[in-house]
Amino acid sequence: QRLEPLSGAGPLPPGWRLRCSGAEPELPALRVELRPQGPRALEVTASAEGPVVGLEALAPLVSQGGVTLGSGPIAFLSNGYQSWSNSGGIRLPAEPPPAGIDPLLAQRDTDEWNRDGRYVSWWYGALAAADGTALVVGSPGARRFRPSVTAWGPPEAVSLQVTSGGAGERVGAAPGERIHAEPCWLAAGDDAWTLLREYAAALAGDAPPVGARPGGWNSWYAHFPDIDEELIREAARLTARRLTWGEPRELVVDDGWERSWGDWQPNARFPSGMPALAAAIAAHGLRPGLWLAPLLVEDQAPLAAAQPGWFVRDAAGAPLAYAPPLTGERYLVLDVTHPEVAAHLREVLARVVGWGFTSLKLDFLFVGAWEGVRQRPCTGSEAYAEALRVLREGMGPSIYFLACGAPLLAPADPGPDRVLPYQAIRTGLDIAYEFLPLSWSFVAQQLRATAARAFLQGVVLTVDPDPALVREPLTEAEAWSTVVATLVAGGAAFASDPLGELPEGRWALLTAPALAEVRSLPGPARPVDLLRADRLPERLLPGVEDFLLTTSQGGLSPAVAPAVWVWSTGAGAVVALFNLHPDPVTRRVDLHALGLDPDHPWSPRPLGPAAPVRLAAGALVAELAGHQALLVALSP
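Keep in mind it's a predicted model, so treat the numbers as computed, not measured.

Counting its secondary structure elements, the protein contains 14 helices and 36 strands. Over its C-alpha atoms the protein spans a radius of gyration of 25 Å, differing by no more than 12% from the 26 Å that the globule rule assigns to 636 residues. Its C-alpha atoms give the protein principal-axis dimensions of roughly 80 × 70 × 45 Å. Nonlocal contacts in the protein, meaning residues at least 24 apart in sequence, comprise 73% of its contacts between residues at least 6 apart.

And the structure:
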């Protein structure tokens, strides 16, 4: 209601302060101070009289209708909270959410990862106008609160809000104690992808670039939980002999080896024991990898009955439970703030590393960030940071850590040599499901999520878009598209088919000479049409809903994903083109959109399975069959 300068009359110097008084006499006075922190940073501090009780959120940036991006529709890059959460580009909603943003911030589990993406983007968000003008805003992590970006409105009056919290957090402060919002990073420019890469560089700070881009074979999509010792040994032999598109090369033993979730010992299908299996994998020159879901315990597992005080509870005192859809199973969430639980997790991780596994895929990590009652009061983000610290301590500093089903950027104590306690993270939903046939729709979903997150590749961490699948019933064109969809991410590159059952024609897709050439390119490919608002949907579709619509529409997936990707090679470019439709299309891409001079002569050279391609009037023109992908190199 009143703004009073504290440092005298006249213009206020740098470091000026404002005092804001409440409108009603009984409201406490609020003191707000704004301090420059160098030439490109500002700190805002609000001070209230007396203690703060039950603070749920802080919004360090709010602009109500105050952002102008030009004319025409606005594109919004909407990112999900964790690995599997729907992510991608949509058209910015014109009107605010009818029920406010609080219900959207509070979504959890299936509701959150099946989100439609409207209004709220977690960690970071991007806005882009038709002329390319872009705004990117994000946070470097979630040490106490979940950070989110909310936006809506017409192009000339966009409302933008950055929020720390609102997802169930509740914190307090005694007199003299400070509560910190998550930092906010903001940049504007004429290209959203460039700004996203700058944001990634800000996240990385002084950490060295991420080097390893592993590849090889993962057992999950080939056999789901039906694996045994001999099957893994044979897969290791074939992987070592024929799959060469990753460095280092790796074989991951996924879910199905354990007695139960929470009882991390080998079951009867692995009679020789896990040390012998890890040694057999390593003998083929492969890095042995192992899957676990360390923060979950099956409610019927011995540990659940033996240690009832080890689990996170709700406000009524009942244990929190994760119940996967369609399975009828229930899993309890370990409380890492309990010293005995922390010691148990360290022991579990040290044991599997002692078996000889030097790469760990730790899954369903999002449960560690749930809000709940723990032995030590803290927010879900603080508990998750503690969980990551404990897991890393258990496995040791040299183990390769792939986070799956994980909050995208939540940090623990990163240490001097890495930004995050994990080197890699899954960036999309599953590429296939045990209870559904293989479908092209999940490839389109994978591309969409890759486009929303690939800018992190090589700067902050290694992205894992999930394996390429080349087996039937996918057509050969669809199978090659899964390979190219994995390549454009620029990160991990795995296969996950039953290798002994693949015909030579499908093996050829996994062993094409072009793969080595493309894998040698630095970084991810740039999604050229990432934020074309005129081509984007109003909302994101959940994976299973997309599958059902694709099946009913003869292979036409409603998932809109970037169809044009490009790597700059200095002297030219390598381009990936996708046909997301079941019918043939002619794809035309202007050379200047690929970063190439349209007046310069260029020579196109297909890499891998070819399609008719030519240059015409300053554009690359390709004739693509249904669901086909094309890799083409453009050289002077």
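The structure having been displayed, the exposition proceeds.
Here we take up the sheet that holds strand β12 (residues 147-152). Strand order in the open sheet formed by 4 strands is β6-β13-β12-β9, with antiparallel pairing between adjacent strands. What marks the edges here is a single partner per strand, and that holds for β6 (57-67) and β9 (120-122). Adjacent strand axes in the sheet meet at a mean angle of 15 degrees when their direction is disregarded. Bridge analysis of β6 against strand β13 (residues 158-165) gives 6 bridges, and the strand direction is antiparallel. What sits directly across from Val67, in β13, is Val158.

As a further point, take the sheet that holds strand β22 (residues 321-322). In space, the 3 strands of this open sheet follow the order β21-β23-β22, with antiparallel pairing throughout. One side of each edge strand has no neighbouring strand; the edge strands of this open sheet are β21 (296-298) and β22. Inspection of the sheet shows β21 paired to strand β23 (residues 331-333) by 3 bridges, in the antiparallel sense. Its bridge partner lying in β23, Glu298 is registered against Tyr331.

Their axes nearest at 9 Å, the elements helix α10 (residues 441-453) and helix α14 (residues 543-552) cross at an angle of 135 degrees. On the basis of their axis angle, the class for α10 and α14 is oblique. Crossing handedness for the pair α10 and α14: right-handed. Across the interface between the two elements, Ser441, Phe442 and Gln445 from α10 touch Gly543, Asp546, Phe547 and Thr550 from α14. By residue class, the composition of the contact of α10 with α14 is 2 nonpolar, 4 polar and 1 charged.

Positionally, His223 belongs in helix α4 (residues 220-223). Here His223 is in contact with Trp217, Leu231 and Pro498, once residues within four sequence places are set aside.

So, on to the pairing of strand β30 (residues 564-568). Of all 5 residues in β30, 4 are buried; the element is thus mostly enclosed. Across 2 bridges, the pairing between strand β29 (residues 526-527) and β30 is antiparallel. Bridging across to β30, Arg526 finds its partner in Val566. Inspection of the sheet shows β30 paired to strand β31 (residues 573-578) by 5 bridges, in the antiparallel sense. Its bridge partner lying in β31, Trp567 is registered against Val574. The antiparallel hairpin formed by β30 and β31 contains 4 residues in its connecting segment, where Gly570 sits at a positive phi of about 90 degrees.

Moving on, we come to unusual backbone geometry. For the bond running from Glu247 to Pro248, omega is 0 degrees, close enough to zero to count as cis. Structurally, Pro248 is set in the loop between α5 (229-242) and β17 (249-253). Cis geometry is found at the peptide bond from Glu472 to Pro473, where omega equals 15 degrees. A positive phi angle, close to 85 degrees, is found at Asp466, a residue other than glycine. In this structure, Asp466 sits in the loop between β27 (462-464) and α11 (476-489). Residue classification places Asp466 among the buried positions, given a relative accessible area of 2%.

A separate point is the pattern of salt bridges. According to the stated counting rule, one finds 24 salt bridges in the structure shown. A salt bridge links Glu56 to Arg170; the shortest N-O distance between them is 3.3 Å. With a gap of 114 residues between them, Glu56 in the loop between β5 (52-55) and β6 and Arg170 in the loop between β13 and β14 (171-173) connect regions that are remote in the sequence. Residue Glu56 is classed as partly exposed on the basis of its relative accessible area of 45%. Here Arg614 ties to Glu623 by a salt bridge, and the two come within 3.4 Å at their closest N and O atoms. Shared partners join several salt bridges into a network, and the residues in it are Arg346, Glu386, Arg389 and Glu393.

The subject of this paragraph is the packing of helix α8 (residues 339-354) against helix α9 (residues 380-395). The contact between α8 and α9 brings their axes to 7 Å, and the two run at 40 degrees. Taken as axis vectors, α8 and α9 run oblique relative to one another. The two elements α8 and α9 meet at a crossing, and its hand is right-handed. The segment α8 lies against α9, with Ala342, Leu345, Arg346, Leu349, Ala350 and Val353 engaging Arg389, Val390, Leu391, Glu393, Gly394 and Met395.

Take the packing of aromatic side chains next. Scanning the model with the defined rule gives 27 aromatic pairs in all. Residues Trp261 and Phe364 carry aromatic rings whose centres are separated by 5.0 Å and whose planes lie at 55 degrees to one another, so their mutual orientation is tilted. With Trp261 in the loop between β18 (258-260) and β19 (263-266) and Phe364 in the loop between β24 (359-362) and α9, this pair connects stretches of sequence that are 103 residues apart. Here Trp261 and Phe364 have matching classes, each one buried. Seen in terms of ring centroids, Trp264 and Trp291 are 5.8 Å apart; in terms of plane orientation they differ by 70 degrees. Their pairing is edge-to-face. Of the two residues, Trp264 is situated in strand β19 and Trp291 in strand β20 (residues 287-292); the sequence distance between them amounts to 27 residues.

As a further point, take α11. Over its 14 residues, α11 extends 21 Å from the first C-alpha to the last, a length consistent with the 20 Å expected when each residue adds 1.5 Å. Judged by how many residues are buried, α11 sits mostly within the fold: 12 of 14 residues are covered. Of all the residues in α11, the buried ones are Glu478, Ala479, Trp480, Ser481, Thr482, Val483, Val484, Ala485, Thr486, Leu487, Val488 and Ala489. Once α11 finishes, Gly490 follows within two positions and takes phi at roughly 80 degrees, a positive value.

Reading the values: the criteria
Residues numbered from 1 in each chain as written. Predicted model: local features only at pLDDT ≥ 70, side-chain atom pairs only at ≥ 80, totals over all residues. Heavy atoms only, no water. Helix = DSSP H or I, 4+ residues; strand = E, 2+ residues; numbered from the N terminus. Rg over C-alpha atoms; globule rule 2.2 N^0.38 Å. Contact = heavy atoms within 4.5 Å. Pairing = 2+ DSSP bridges. Axes fitted to C-alpha atoms, helices over the stretch in contact; angles between N-to-C directions. Parallel < 35°, antiparallel > 145°, perpendicular 65-115°, else oblique. Left-handed = near helix turned anticlockwise from the far one by under 90°. Nonpolar A, V, L, I, M, F, W, Y, C, P; charged D, E, K, R; others polar. Buried < 20%, exposed > 50% of the residue type's maximum accessible area, 1.4 Å probe, protein only. Salt bridge = Lys/Arg side-chain N within 4 Å of Asp/Glu carboxyl O. Phe/Tyr/Trp six-rings, centres within 6.5 Å; stacked < 30°, edge-to-face > 60°. Expected span 1.5 Å × (residues − 1).

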